[in-house]
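So you can see what is in the structure, the chains are spelled out below.
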Amino acid sequence: MKSANHDSSPPSSRSSRRGFLKQSALAGSGLLLLAAGRSKADDAPAPAGGSDGAVPTNATLKTIHGLRTIHGNFLDKPIPEAALQTILQASVRAANASNMQSYSIVVVKDRKTMGDICGYRGGCMLLYCVDFNRLEASAELMGYPYFPDNMTAFVTASVNAGLAVQTAAIAARSMGIDYLITNGIHRGDMERVWKILDLPAKHCFPLIAMVLGYPTEEPSHQKGRLSGPGMIHYEKYHRLTTSEVEDIVRQYDDPERHLALDEDWKAKGYKHYLDWYFKDWLGDSKPTDQETQMLRLLKRSGFVEPQKA
Ligand SMILES: Cc1cc2nc3c(=O)[nH]c(=O)nc-3n(C[C@H](O)[C@H](O)[C@H](O)COP(=O)(O)O)c2cc1C
């Protein structure tokens with residue numbers, strides 16, 4: 001079975017293609033502006049407001065609609081400490097179940113360590129972990145039994161951490177700091193993350209990393225998004241018709257929509273972008289090895305296969 005997540009295949013295949021993408025999809029295609037310049041996304045008008053229910057223009061929405069990932073490494077330039085603290089304090093403002101913040105954030109400033117952990121280097125890296133150790137310590141101190149050994153705890157904490165990382169992205173961009181959210185931590189030998197950062201084996205699971213920094217080159221455009229049928233459902237789940245699926249395939253093919261990861265897919269002989277995606281991008285991934293490792297570590301962390309009733 002192929003992985004549904006394009007960013008989760010092994011580093012060997014990924015890194016070469018990331019390199020390729022960086023060169024051909026960005027530089028080779030002339031899609032990058034100089035670092036000194038502002039991105040077109042920055043200059044793009046915010047969505048129009050109005051009484052028709054369209055998105056109103058305000059600073060928050062402008063930041064959200066201007067969000068974009070910087071792929072690859074960032075300049076070797078640290079994030080000012082005050083800005084980092086502002087991002088962290090914004091990040092923990094995210095909604096979270098029972099206000100128990102069942103995650104923790106490991107801040108890494110050493111560039112080599114960042115590379116070893118997630119495959120990318122920037123001004124700073126934030127590693128978001130599902131983490132119940134703080135709660136466990138509190139329960140122990142108070143003399144209460146506490147066993148977060150279940151999938152519900154893991155899923156809930158993952159939602160908490162996901163909201164926190166996106167909140168950090170919004171905060172960073174609002175201050176002119178760029179980001180890359182990456183699951184590079186799950187590529188290769190995942191145990192390295194525990195070893196390098198001395199993470200607890202139990203009830204702590206590295207979920208997602210965010211590299212913060214200043215780009216070496218500015219992207220010339222913002223990636224588009226699907227937002228129609230199949231993406232957003234109203235009142236009830238809508239099963240796509242064949243013509244709606246064909247329309248989705250067309251949307252991916254439309255260069256103006258910028259939905260493609262590799263904008264050179266046509267030059268490589270593919271009829272549709274999704275041909276490239278399913279054959280080339282996912283084609284050589286070996287999810288089985290990664291899945292086995294992921295499951296083993298999830299079991300070790302205690303979230304799968306409950307140990308206490
Ligand atoms: C869970 C997750 C993992 C990702 N992993 C990577 C990654 O390893 N490398 C990378 O260059 N981008 C990664 N991205 C960024 C996505 O490729 C990017 O968000 C997507 O292409 C849309 O582009 P945009 O964020 O610029 O709108 C990841 C994003 C998410 C949410």
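Anything mentioned here points back to the structure above.
No experiment lies behind these values; they were computed from the predicted model shown.

**A short note on the environment of Ile 208**
Link 1 in the chain: Counting through the fold element by element, Ile 208 comes out in strand 5 (residues 204–213).
Link 2 in the chain: When the C-alpha atoms of Ile 208 and Ala 161 are compared, they prove to be 8.2 Å apart, with 47 residues separating the residues in sequence.

**Some remarks on the nonpolar core**
Link 1 in the chain: Counting 43 residues, the largest nonpolar core has Met 125, Tyr 128, Ala 209, Met 210, Val 211 and Leu 212 as its most contacted members.
Link 2 in the chain: Put simply, the parts of the chain that give this core at least two residues each are strand 2 (103–108), helix 5 (111–118), strand 3 (124–131), helix 7 (151–174), strand 4 (178–182) and strand 5.
Link 3 in the chain: If you tally residues by element for this core, the top one is helix 7, at ten residues.
Link 4 in the chain: Beyond its immediate sequence surroundings of up to four residues, Ala 209 is in contact with Ile 117, Cys 118, Met 125, Leu 126, Leu 127, Thr 182, Gly 184 and Ile 185.
Link 5 in the chain: If you look at the next biggest cluster of nonpolar residues, it comprises five residues, including Ala 260, Trp 265, Tyr 273 and Trp 281.

**A short note on the environment of Ala 169**
Link 1 in the chain: In this fold, Ala 169 is placed in helix 7.
Link 2 in the chain: The buried category is assigned to Ala 169, around which 25 C-beta atoms lie within 10 Å.
Link 3 in the chain: Sequence separation between Ala 169 and Ile 64 is 105 residues, and the spatial gap between their C-alpha atoms is 9.1 Å.
Link 4 in the chain: Each residue touching Ala 169, except ones within four places of it in the same chain, is listed here: Leu 67, Tyr 179, Ile 181 and Met 210.

**Notes on helix 10 (residues 273–281)**
Link 1 in the chain: Of the positions making up helix 10, those classed as buried are Tyr 273, Trp 276 and Trp 281. For helix 10, the buried positions fall inside an angular range of 60° around the axis, keeping them on one side.

**Some points on the packing of helix 4 (residues 81–91) against helix 7**
Link 1 in the chain: Viewed as axis vectors pointing N to C, helix 4 and helix 7 meet at an angle of 140°, and their least axial separation amounts to 8 Å. As summarised for this structure, helix 4 and helix 7 are arranged oblique, according to the angle between their axes. As helix 4 packs across helix 7, the resulting crossing turns out to be right-handed. For the pair helix 4 and helix 7, contact is made by Thr 86, Ile 87, Ala 90 and Ser 91 and by Ala 164, Thr 167, Ala 168, Ala 171 and Ala 172, respectively.
Link 2 in the chain: Across the contact of helix 4 with helix 7, the residue classes break down as six nonpolar, three polar and no charged.

**Structural notes on helix 5**
Link 1 in the chain: Taken together, the buried positions of helix 5 are Arg 111, Met 114, Ile 117 and Cys 118. Along the axis of helix 5, the buried positions cluster into a sector of 125°, meaning they face one direction only.
Link 2 in the chain: On its buried side, helix 5 packs onto strand 2, strand 3, strand 4, helix 8 (191–197) and strand 5.

**Re the pairing of strand 3**
Link 1 in the chain: Strand 3 sits mainly inside the fold: eight of its eight residues count as buried.
Link 2 in the chain: Across the two faces of strand 3 the burial is the same, with Cys 124, Leu 126, Tyr 128 and Val 130 and Met 125, Leu 127, Cys 129 and Asp 131 all buried.
Link 3 in the chain: Note that strand 2 and strand 3 share six bridges and pair antiparallel. Each bridged residue has a counterpart across the sheet, and for Val 107 the counterpart in strand 3 is Leu 126.
Link 4 in the chain: Two strands pair when backbone bridges link them, and strand 3 and strand 5 are joined in this way by eight bridges, in the antiparallel orientation. Bridged to Leu 127 within strand 5 is Ala 209.

Each value, and the rule that gives it
Residues numbered from 1 in each chain as written. Predicted model: local features only at pLDDT ≥ 70, side-chain atom pairs only at ≥ 80, totals over all residues. Helix = DSSP H or I, 4+ residues; strand = E, 2+ residues; numbered from the N terminus. Core = buried A, V, L, I, M, F, W, Y, C linked by C-beta atoms within 7 Å. Buried ≥ 20, exposed ≤ 12 C-beta atoms within 10 Å, placed from the backbone. Contact = placed C-beta atoms within 7 Å. Arc of directions from axis to C-beta. Axes fitted to C-alpha atoms, helices over the stretch in contact; angles between N-to-C directions. Parallel < 35°, antiparallel > 145°, perpendicular 65-115°, else oblique. Left-handed = near helix turned anticlockwise from the far one by under 90°. Nonpolar A, V, L, I, M, F, W, Y, C, P; charged D, E, K, R; others polar. Pairing = 2+ DSSP bridges.

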